[in-house]
Amino acid sequence: MAFSHVVWLAVALPLAGFLVNGALALWRPEAKRLVSVVGPGVLLGSFVVSLGVLVELWREPPHAPLVVHLWSWLPVDRLQVAFAFQVDQLSTVMLLIVTGVGSLIHLFSVGYMREDPGYARYFAYLNLFVVFMLVLVLGSSFPVMFIGWEGVGLCSYLLIGFWFADKVNADAGKKAFIMNRIGDFGFLVAMFFIWRTFGSLDFAHVNERAAAVLEPGGAIVTAITLFLFLGCTGKSAQIPLYTWLPDAMAGPTPVSALIHAATMVTAGVYLVARTNVLFALAPVSSTVVAGIGALTALFAATIGLRQYDIKKVLAYSTVSQLGYMFLGVGTGAYVSGVFHLATHAFFKALLFLGAGSVIHAMHHAYHATHSHEDAQDMRNMGGLRRWMPVTFALMMIATLAIAGIPPFSGFFSKDEILAAAFARGADLPVFYLFYGMGVLAALLTAFYMARLMAMTFMGQNRTGEPERAHLHEAPWIMTGPLVVLGLLSAVGGVLNLPHLVGGHPALERWLEPVMEPGLRITQLVMPTGSTEYFLVGAAVAIGALGLFLGFRTTLGRPTPPAREAPADTGLSLVLNRKYYVDELYDAVIVRPLAWVSRVVLWRGVDQRLVDGVAVNGSAWAARVVGGGLRLLQTGQVGVYVVLFLVGALWILRAVIR
Amino acid sequence: MLLGPALGLSAILFSLGVAGVLLRRNAIILFMCIELMLNAVNLTFVALAQLYGASGQIMVFFVMTVAAAEAAVGLAIILAIFRHKQSVDLQNINLLRG
Amino acid sequence: MTQTVFYVFAAFAVVSAALCILQRNAVSAALWLVSTMFSLAAIYVLLDAQFIAAIQVLVYAGAVMVLFLFVIMLLNLGQASSDMRGASSVAATVVIVGLLAIELFALWRYTPRRLASEISQAPAFADPATVFAAGQLAQQDAAARGVVGGLAAPLFQIYLVPFEITSILLLAAIVGAVVLAKRNA
């Protein structure tokens, strides 16, 4: 057991990378060659460690999670929190996703960010992000996980606002940070509850004792899980805290791929899977999780229909797919949720990196002709297939995967989630509704992805005559990672092949030791036989229908370039403006809060009460008292003697009886 | 044994010393009043030494030494002030006033 | 007999002190203070403190008061105008000193017996002879070794360190006085 015990190396390597790159960013920002080696290099090192851990766990599956105790972090009376890492099947899966996809995205960034002056700073942040993400997935207790939870939020903020000279980007970073704080509040409250209930914050202890300590469906476990889920809605961009994620697209595209698609935003799903036994004990919370997931999946998918910015489409797609994952874990199909997390990490990272490749080409073209057109607006693209065949082919794979067309990876994971929701409907009819929403969202997903592909790669080119000459395929350092991700997206389904196609669900068996406590309580029976065939057939049909409709409507009529496009009206406008949710939040929460802050808190409390009464009032009191006492200080010895004697008399009166 | 009367006498002398300090403005006379108060206290020491043994008298010995030192330094200060202000009237000495 | 002598000298001391604080002339005030000190020395003898009485005359009435007179005459303050404070100060003085005298004069009623009963923990053993055994021992000691010997033994044994510190204090006072009084300091 060598690798499992040095799992901290997987964290230490990116940390070292962060320190080196951070130092270079401060003192030698022009040393790009060194940064290009250190940045991705440390990640590959972490990936090797993760692979080693995987192999070890494969050979000798441990019965209990292996806890690597590093140091005692919070030894306060009964609260004993160790800084320790937990190596088990679930954290190994996450470890591989984070370091594997992370390595590919780091490599891609070498090409994508090459010309950016903040190259070293970028890699420093990216390395730091991986450090915190690994702390998040490896933490053996809630507080250690919370370090990672907060750390990835910080890095997300830093990277969204990476080009902070533009105020919009800085604002997007702030928005993400602040909305995440709301969720973090929920996480903290949940931790307090857990501490009160269990007297410990270690996952192992909580998972082991949960069934004995907590009353199933009781108020305490419901409160704990709902607060945990509030944390998840913030971090994983679910209703009502999802609005920061589309804005987070202000960051560099590889960042969107790594943080806002593949890893950080799935932390909420990971948290639910990690505490599956708690959620299994709280059916109400689980239903809420599934309901919010289904609603988010559908809601975000509808917004994705009418976005023109290629990254915005993908952002809403991410929100929607995260909704699927929550539908899965809320249903009790924890393995399916994690499975979808993994496949989504592959194909969504691929989509984002492909979009990055497109934007890279578009940006170069517009840069060469000094045009100020929007390089991310799909209406300015079209027909790029001709110049970027590799990117097109790979993104097509990802599109088929996300649309749920067999045998691509997304089909298996999404189908499992929908089947689980359908099966759950037998116990709770409301899950039939969630299933319906999921199917509808799948249709819309296929539709908007077809629209994206059609607008970007097919039809007439709308980039502009002079720019067309500058369009080109991305360099190998960028397409290389795309190819690997394409491969994973295509065959990722083998991770958990259902019995239906003669496979055996490897991931399910692999994760069984972790998920078993929760699964034993939920007792979810997956459909078999004709029902299963029906569900699969329906899912495939829906996906194919969506793709067909998407390609047909988009290619059926010409798309005008962005500068000539007519304004959206009616429902399109509502969708394009994202249902005006941002405006609603602004009117209902932000403005009243700002008004209260300005009028009540600033002018009332701060200026009148704090400044007026407390600060100036105490100064005034001191001046009045001092002015009175000053009259005694005549400088005449006689007066002092009199005062002294009065005091002496006072004391004598007490001494002499 | 003359305990009560001696203590009473010392009370009267001490009060007279205080009265002098309060009534006079001449720094040297003030000083003499302080010496008077010290003497009153010495009298109580001696009176109580009848009961408590030699320690009281040794305390008087020390008080006298301190008083002598105080007189020497105090009078030197008064001399310095007089040189500076041509007066030993406390009304003219208000350097303590900030 | 002792009582009578005591009251005579006590009256003399009080009158001299009163005249000391009321004399306008600083030289007369100083001389009345010397007179007070002489009567106090006599009273010390009545209180079995002959050695203290001697140094009272030597140090106080002799050295210290002579120093005072020197300074008074050096500054030529003999014929100063009245330095009494105003009516309000006199009123304040009467009140304060009156209260002080009333409080302190309560000590007049103390006898050894009463003091013993006040400081003794157990009222049954409030006999002054047992409570104040040290005083009687000192008297026996003085009778055996003489007054000076009875005083010297504790002074150079128990109180040796304070005694030495006193010598340093005097040295410091000498240096301080010289520095302060020197012209062109």
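Residues numbered from 1 in each chain as written. Chains lettered and ligands numbered in written order. Predicted model: local features only at pLDDT ≥ 70, side-chain atom pairs only at ≥ 80, totals over all residues. Heavy atoms only, no water.

1. Topic: the overall build of chain C
Thought 1: Scanning chain C for helices and strands turns up nine helices and zero strands.
Thought 2: For chain C, the sequential pattern of α-helices and β-strands runs α-α-α-α-α-α-α-α-α.
Thought 3: Considering chain C as a whole, with its 185 residues, one finds that 36% of them fall into the buried category.
Thought 4: Summarising the internal contacts of chain C: among those between residues at least 6 apart in sequence, 45% fall at separations of at least 24.
Thought 5: Per element, the accessible surface of chain C, about 10300 Å² overall, is 72% carbon and sulfur. (Helix = DSSP H or I, 4+ residues; strand = E, 2+ residues; numbered from the N terminus. Buried < 20%, exposed > 50% of the residue type's maximum accessible area, 1.4 Å probe, protein only. Contact = heavy atoms within 4.5 Å. Areas by Shrake-Rupley, 256 points an atom, 1.4 Å probe, with all protein chains shown as cover.)

2. Description of the overall build of chain B
Thought 1: Each helix and strand in chain B was counted, giving three helices and zero strands.
Thought 2: Along chain B, helices (α) and strands (β) appear in the sequence α-α-α when read from the amino end.
Thought 3: Relative to its full complement of 98 residues, chain B shows a buried share of 68%.
Thought 4: Excluding contacts between residues fewer than 6 apart, the proportion of contacts in chain B whose partners are at least 24 apart in sequence is 57%.
Thought 5: Accessible surface computed for chain B: about 3200 Å², of which carbon and sulfur atoms make up 68%.

3. Re the packing of aromatic side chains
All names here are of chain A.
Thought 1: According to the stated counting rule, one finds 32 aromatic pairs over all chains in the structure shown.
Thought 2: Ring centres of Phe 299 and Tyr 579 lie 4.6 Å apart, and the angle between their planes is 20°; on these two criteria the pair is classed as stacked. With Phe 299 in helix α13 (residues 283-305) and Tyr 579 in the loop between α23 (570-576) and α24 (581-630), the pair connects residues that are 280 residues apart, well separated along the chain.
Thought 3: Classification of Tyr 579 as partly exposed rests on a relative accessible area of 30%.
Thought 4: Each residue in the set Tyr 119, Tyr 122, Phe 123, Tyr 125, Phe 162 and Trp 163 is aromatic and connected to the rest through ring pairs, giving one cluster.
Thought 5: The ring centre of Phe 203 lies 5.6 Å from the NZ or CZ of Arg 274, which sits over that ring. (Phe/Tyr/Trp six-rings, centres within 6.5 Å; stacked < 30°, edge-to-face > 60°. Lys NZ or Arg CZ within 6 Å of the ring centre and 35° of its normal.)

4. Regarding the environment of His344(A)
All names here are of chain A.
Thought 1: Position of His 344 relative to the elements: it lies in helix α15 (residues 334-368).
Thought 2: Spatially, the C-alpha atom of His 344 lies 9.4 Å from that of Met 325, the residues being 19 residues apart in sequence.
Thought 3: In this structure His 344 touches Ala 261, Thr 318, Gln 321, Met 325 and Ala 349, once residues within four positions along its chain are discounted.
Thought 4: Within polar-contact distance, the side chain of His 344 engages the backbone oxygen of Ala 261 at 3.5 Å. (Polar contact = N/O pair within 3.5 Å; in protein donor to acceptor, adjacent residues only side chain to side chain.)

5. A word on the interface of chain B and chain C
Thought 1: Facing the 67 residues of chain B at the interface are 79 residues of chain C.
Thought 2: Between chain B and chain C the total buried area reaches about 6800 Å² when both faces are included, carbon and sulfur atoms providing 78% of it.
Thought 3: Among the residues of chain B in contact with chain C, Leu23(B), Arg24(B) and Met32(B) are the three that bury the most area, contributing 10% of the side total.
Thought 4: Linking chain B with chain C are zero salt bridges.
Thought 5: Counting across the chain B and chain C interface gives 11 residue pairs in polar contact (both at pLDDT 80 or more).
Thought 6: Put simply, the parts of the chain that give the side of chain B that touches chain C at least two residues each are α1 (3-23), α2 (27-52) and α3 (55-85) of chain B.
Thought 7: Among the elements that take part in the side of chain B that touches chain C, α3(B) stands out by supplying 23 residues, more than any other.
Thought 8: Residue composition of the side of chain B that touches chain C, grouped by class: 51 nonpolar, 12 polar and four charged. (Buried area = accessible area lost by both parts, 1.4 Å probe. Salt bridge = Lys/Arg side-chain N within 4 Å of Asp/Glu carboxyl O. Nonpolar A, V, L, I, M, F, W, Y, C, P; charged D, E, K, R; others polar.)

6. Describing the packing of helix α10 (residues 253-262) of chain A against α15(A)
All names here are of chain A.
Thought 1: The contact between α10 and α15 brings their axes to 8 Å, and the two run at 160°. Taken together, the axes of α10 and α15 are roughly antiparallel relative to one another. The two elements α10 and α15 cross, and the hand of that crossing is right-handed. When α10 is examined against α15, the residues Thr 253, Pro 254, Ser 256, Ala 257, Ala 261 and Ala 262 are found in contact with a partner set consisting of His 344, Ala 345, Lys 348, Ala 349, Phe 352, Leu 353, Gly 356 and Ile 359.
Thought 2: Class assignment of the residues belonging to the contact of α10 with α15 gives a composition of nine nonpolar, four polar and one charged. (Axes fitted to C-alpha atoms, helices over the stretch in contact; angles between N-to-C directions. Parallel < 35°, antiparallel > 145°, perpendicular 65-115°, else oblique. Left-handed = near helix turned anticlockwise from the far one by under 90°.)

7. Thoughts on the nonpolar core
Thought 1: Membership of the largest hydrophobic core comes to 205 residues, with the highest contact counts inside it found for Phe142(A) and Leu278(A).
Thought 2: It is α15(A) that provides the largest number of residues to this core, a total of 21 residues.
Thought 3: Not counting residues up to four positions away in its chain, the partners in contact with Leu278(A) are Ile194(A), Phe198(A), Val206(A), Ala210(A), Leu214(A), Val221(A), Ile224(A), Thr225(A) and Leu228(A).
Thought 4: Ranked by size, the runner-up nonpolar core spans 85 residues in total, among them Val641(A), Leu2(B), Ala71(B) and Leu77(C). (Core = buried A, V, L, I, M, F, W, Y, C linked by side-chain atoms within 4.5 Å.)

8. Quick look at the pairing of strand β1 (residues 66-76) of chain A
All names here are of chain A.
Thought 1: Note: β1 against strand β2 (residues 79-87), nine bridges, orientation antiparallel. Paired with Leu 74 across the strands is Val 81, a residue of β2.
Thought 2: A loop of two residues connects β1 with β2, the two strands running antiparallel in sequence, and Asp 77 in this loop sits at a positive phi of about 50°. (Pairing = 2+ DSSP bridges.)

9. Some remarks on the confidence of the model for chain C
One rule of thumb: low pLDDT means the predicted coordinates there are not for detailed reading.
Thought 1: Looking at chain C as a whole, the pLDDT averages 86, with 94% of positions reaching at least 70.
Thought 2: Scored as a whole, the predicted complex attains pTM 0.69, and scored at its interfaces, ipTM 0.90. (pLDDT = per-residue confidence, 0-100.)

10. Details of the interface of chain A and chain B
Thought 1: Across the boundary between the two partners, chain A contributes nine residues, which contact nine residues of chain B.
Thought 2: Interface area for chain A against chain B, summed over the two sides, is near 720 Å², with a carbon-plus-sulfur share of 68%.
Thought 3: Remark: the boundary between chain A and chain B carries zero salt bridges.
Thought 4: Linking chain A to chain B there are zero residue pairs in polar contact (both at pLDDT 80 or more).
Thought 5: For the side of chain A that touches chain B, the residue count by class is five nonpolar, four polar and no charged.

11. Some words on the pattern of salt bridges
Residues and elements named next belong to chain A.
Thought 1: In this structure the tally under the stated criterion is 15 salt bridges over all chains.
Thought 2: Close ionic contact of Arg 28 with Glu 30 constitutes a salt bridge, the shortest N to O distance being 2.9 Å.
Thought 3: The class for Arg 28 is partly exposed, based on a relative accessible area of 48%.
Thought 4: The salt bridge involving Arg 274 is made with Asp 88; its shortest N-O contact spans 2.7 Å.

12. Regarding a nonpolar patch on the surface
Thought 1: Together, Trp595(A), Val596(A), Val599(A), Val600(A), Leu601(A), Val605(A), Leu609(A), Val610(A), Val613(A) and Val615(A) line one region of the surface with nonpolar side chains, adding up to about 800 Å² of accessible area.
Thought 2: Tracing the sequence through the fold places Val615(A) in helix α24. (Patch = residues over 30% accessible without salt bridge, like charges linked within 9 Å, V, L, I, M, F, W, Y side chains within 5 Å.)

13. Structural notes on unusual backbone geometry
Residue and element names in this part refer to chain A.
Thought 1: Residue Ile 239 is joined to Pro 240 through a cis peptide bond whose omega torsion reads 5°.
Thought 2: Along the chain, Pro 240 falls in the loop between α8 (219-235) and α9 (244-247).
Thought 3: Following Pro 406, the chain continues to Pro 407 via a peptide bond in cis, the omega torsion being 5°.
Thought 4: By secondary structure assignment, the location of Pro 407 is in the loop between α16 (389-403) and α17 (409-424).
Thought 5: Positive phi, close to 55°, is recorded for Ala 237, a residue that is not glycine.
Thought 6: For Ala 237, the location among the structural elements is in the loop between α8 and α9.
Thought 7: Even without a glycine there, the phi angle at His 370 is positive, about 55°.
Thought 8: Taking the relative accessible area as the measure of exposure, His 370 reaches 64% and is therefore exposed.

14. Let's talk about helix α14 (residues 310-331) of chain A
Residues and elements named next belong to chain A.
Thought 1: For α14, with 22 residues, the first-to-last C-alpha span of 32 Å sits near the 32 Å given by 1.5 Å per residue.
Thought 2: Extensive coverage of α14 is indicated by the burial of 22 of its 22 residues.
Thought 3: Measuring from the side-chain oxygen of the N-cap residue of α14 to the backbone nitrogen of Lys 311 gives 2.8 Å; that N-cap residue is Asp 309.
Thought 4: At the C-terminal side of α14, Gly 332 shows a positive phi close to 110°. (Expected span 1.5 Å × (residues − 1).)

15. Notes on α2(B)
All names here are of chain B.
Thought 1: The first and last C-alpha atoms of α2 sit 37 Å apart over 26 residues, in line with the 38 Å expected at 1.5 Å per residue.
Thought 2: The backbone nitrogen of Ile 28 lies 3.0 Å from a side-chain oxygen of the residue at the head of α2, namely Asn 26.
Thought 3: Looking one or two residues beyond α2, the residue adopting positive phi is Gly 53, at roughly 95°.

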